[in-house]
Amino acid sequence: MCGIIGYVGNEECAPILLEGLRRLEYRGYDSAGVAVHDGTQLNVRRAAGKLTALGDSLARSPVHGTTGIGHTRWATHGKPAERNAHPHVSGDIAVVHNGIIENHVELKHALRAKGREFLSDTDTEIVAHLVDIETTAGATLFEAVRATLKQLRGAYAIAVISKRDAHTLVLAKNASPLVLGVGDGVMLAASDVPALLAHSRDVIFLEDGELAEITREGARIETLAGAKVERAPVRITWSLMQAERGGYKHFMLKEIHEQPRAIEDTLRGRVSWEDASLEPAEMGISAADVAGIRRVVFLACGTSFHAALHGRYLLEGLARVPAVAELASEFRYRDPVIGAGDLVVAVSQSGETADTLAAAKEAKERGARILAVVNVQGSAIARMAHGTLYTHAGPEIGVASTKCFTAQLAALTMLAIHLGRCRDTLSADRAGALLREFVQIPNKMRTVLETAKHVETVARSILHTRDALFLGRGLSSAVALEGALKLKEISYVHAEGYAGGEMKHGPLALVDRDMPVVCLLPTDSTLEKMLSNVQEVRARDGNVIAVVDDETVAKDLATHTLRIPPTLEPFTPLLSIVPLQLLSYYVADLRGTDVDQPRNLAKTVTVE
Ligand code: F6R
């Protein structure tokens, strides 16, 4: 996730671009840059680090002009460094981009064959070259961008400026957000509304497959195929604060709703949407690595540990390799037996968690291979690992992890399918069936998100509870643990997650009519056993809230049901966690806690 901004008007635009980027910094903050047209040429300024570094550079040596583009980066291809910061330049063209160009490797090869040289490790630089080739051959900037887009596969929001035209920007969108701001003799473009609000409250949301040319006079919008688009601006009435959260009351709620996109971005470039195949090169682990694996050891903390449990179940099931999931904070203190032949998968949203980092380092010193599954590019765990499988959830601001968790589930599911194929324990047919379902998951998640109002009603019914239990078996046992953690960390309701079969070994003693018991009952291989566990709860008058994909299953058992669409077993957690996140969110919000910054907790835990 990155933030882009563009301005065409009458004022000095560098400060306007900087201010817009500041409003977009939540989308990424490892480097930033601007390109400003001074009437004669393009001046590009870039800086690694937070936006203040770019601000300092511009204060030392200002750039002048009234047309420009800017970018704040969240690295996906190429580590955070000035040379990878946007804008990227080729000839007369400068480009900023948010998204991932899936076919960048083949395009780069083709451009190199034409003698083009690359100065960065990004996928974006190819866009600058392609547009430059077209304009050099005589195309207008608008047509050059159109011709370029036809060669790209993947997600993008781009803004392009040319040295040859001091008063025009060209923009395009596919699967990444882009909105135009309409002012009096001024046009803007940005990844998100907050960046525009200081200059315009009348905005036009571009749709996928559209491109726009903006000048001081207004916007011309067309589809890629050339059809004209007439779209009236809509008036934004949100306050700036509301706008930063996309209109949601809290970042956590916004991030819960961003999950379908986070999953799409995590799959993008690794799973082909067209033929549902895997792209092994992007998996962070080579065939040679796979051949040498004797055992897989997942190391993680908190929510990431719950994702690791999911990884462990799936890896054993699909790749038939012994796998364990260990709490990183315990692993180091018991003289673990680990070494050559062990693949350690260190799972971490931040990539900086001290316990996970230290545990992975220890395993590395003892000879294990380390694969990082992290969300933050260039983070400490990614740097020390032999390979990295990045989740592309974008920056997560709410302390309680939501979209990073489901992106981790998605990444680990991909890894399990990949290892299953490499080890030949998973047939091509079965892998194909799994991948075909995988690409449906984001839309199925969207249908779960549509039930938010109903989940809020259920939350209201348990608002004053002191305790809650979450039960699941098999893959759903990790979801039960995660559901309980979400509830306790943001609402301060005491909650426990249990594997359903453990109930009769102790926790059943807690159950009475006041105890909400959230039961995960998807139609899977453990359903029958789970239903017996739920009967045990009902027999003690427990208040059952059932997560089901088939309403009839819990008919006489549950006080409330939370509905998810049916899916194949490995993907159930990606759907069933969503109502539990919403449930926790609404309980916390209705109780009036500080949802985004719960007491005593920090987003990145860098102490052991
Ligand atoms: C809970 C939560 C934490 C983190 C844990 C590990 O919502 O976010 O439990 O999962 O602190 O953090 P990372 O994933 O950054 O290693």
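Refer to the structure printed above.
For clarity, every value in this text was computed on a predicted model and none was experimentally measured.

Each value, and the rule that gives it
Residues numbered from 1 in each chain as written. Predicted model: local features only at pLDDT ≥ 70, side-chain atom pairs only at ≥ 80, totals over all residues. Heavy atoms only, no water. Helix = DSSP H or I, 4+ residues; strand = E, 2+ residues; numbered from the N terminus. Polar contact = N/O pair within 3.5 Å; in protein donor to acceptor, adjacent residues only side chain to side chain. Phe/Tyr/Trp six-rings, centres within 6.5 Å; stacked < 30°, edge-to-face > 60°. Buried < 20%, exposed > 50% of the residue type's maximum accessible area, 1.4 Å probe, protein only. Lys NZ or Arg CZ within 6 Å of the ring centre and 35° of its normal. Salt bridge = Lys/Arg side-chain N within 4 Å of Asp/Glu carboxyl O. Pairing = 2+ DSSP bridges. Right-handed = clockwise from strand over helix to strand, strands pointing away. Contact = heavy atoms within 4.5 Å.

Q: Let's hear about the side chain of Arg-270: which residues, and what values?
A: Residue position: Arg-270 is located in the loop between α8 (259-267) and α9 (287-291). Within the structure, Arg-270 has its side chain in polar contact with the backbone oxygen of Thr-266 (distance 3.0 Å).

Q: Could you give an account of the packing of aromatic side chains, naming the residues involved and the relevant values?
A: Scanning all chains against the criterion turns up two aromatic pairs. Ring centres 4.8 Å apart and planes at 45° place the aromatic pair Phe-438 and Phe-571 in the tilted group. One end of the pair, Phe-438, is in helix α15 (residues 428-438); the other, Phe-571, is in the loop between β25 (560-563) and α20 (572-591), with 133 residues separating them in the sequence. Judged by relative accessible area, which is 0%, Phe-571 ranks as buried. Centroid distance Tyr-585 to Tyr-586: 5.2 Å. Interplanar angle 75°. Geometry classified as edge-to-face. Both residues of the pair, Tyr-585 and Tyr-586, belong to the buried class. Above the ring of Tyr-313, the side-chain terminus of Arg-312 is found at 5.6 Å from the ring centroid. Directly above the ring of Tyr-492 sits Arg-599, whose terminal nitrogen or CZ lies 3.7 Å from the centroid.

Q: Give a description of the pattern of salt bridges that names residues and reports values.
A: On inspection of all chains with the given rule, the structure shows 35 salt bridges. Across the pair Asp-335 and Arg-366 runs a salt bridge, and its minimum N-O distance is 3.2 Å. With Asp-335 in the loop between α11 (328-331) and β18 (342-348) and Arg-366 in the loop between α12 (354-365) and β19 (369-374), this residue pair connects regions lying 31 residues apart in the sequence. Here the salt bridges share partners, and the residues they tie into one network are Glu-143, Arg-146, Glu-213, Arg-220, Glu-222 and Lys-228.

Q: An account of the pairing of β19 is requested, with residue identities and associated values reported.
A: By the criterion of burial, β19 is predominantly enclosed, with five of the six residues buried. For β18 and β19, the ladder comprises six bridges, and the chain directions are parallel. Looking at β19, one finds that Ala-346 is bridged to Ala-372. Handedness of the β-α-β unit built from β18, α12 and β19 comes out right-handed. With two bridges joining them, β19 and strand β20 (residues 387-388) adopt parallel strand pairing. Of the residues in β20, the one forming a bridge with Leu-371 is Gly-387.

Q: Account for the environment of Lys-504, with residues named and values stated.
A: Tracing the sequence through the fold places Lys-504 in the loop between β22 (494-499) and β23 (516-521). Between the C-alpha atom of Lys-504 and that of Gly-246, which follows or precedes it by 258 residues, the distance is 45 Å. Those residues in contact with Lys-504 that lie beyond four places of it in its chain are Asn-533 and Glu-536. Here the side chain of Lys-504 touches Gly-501 through a polar contact of 3.1 Å, landing on its backbone oxygen.

Nothing here speaks to function; it is geometry throughout.
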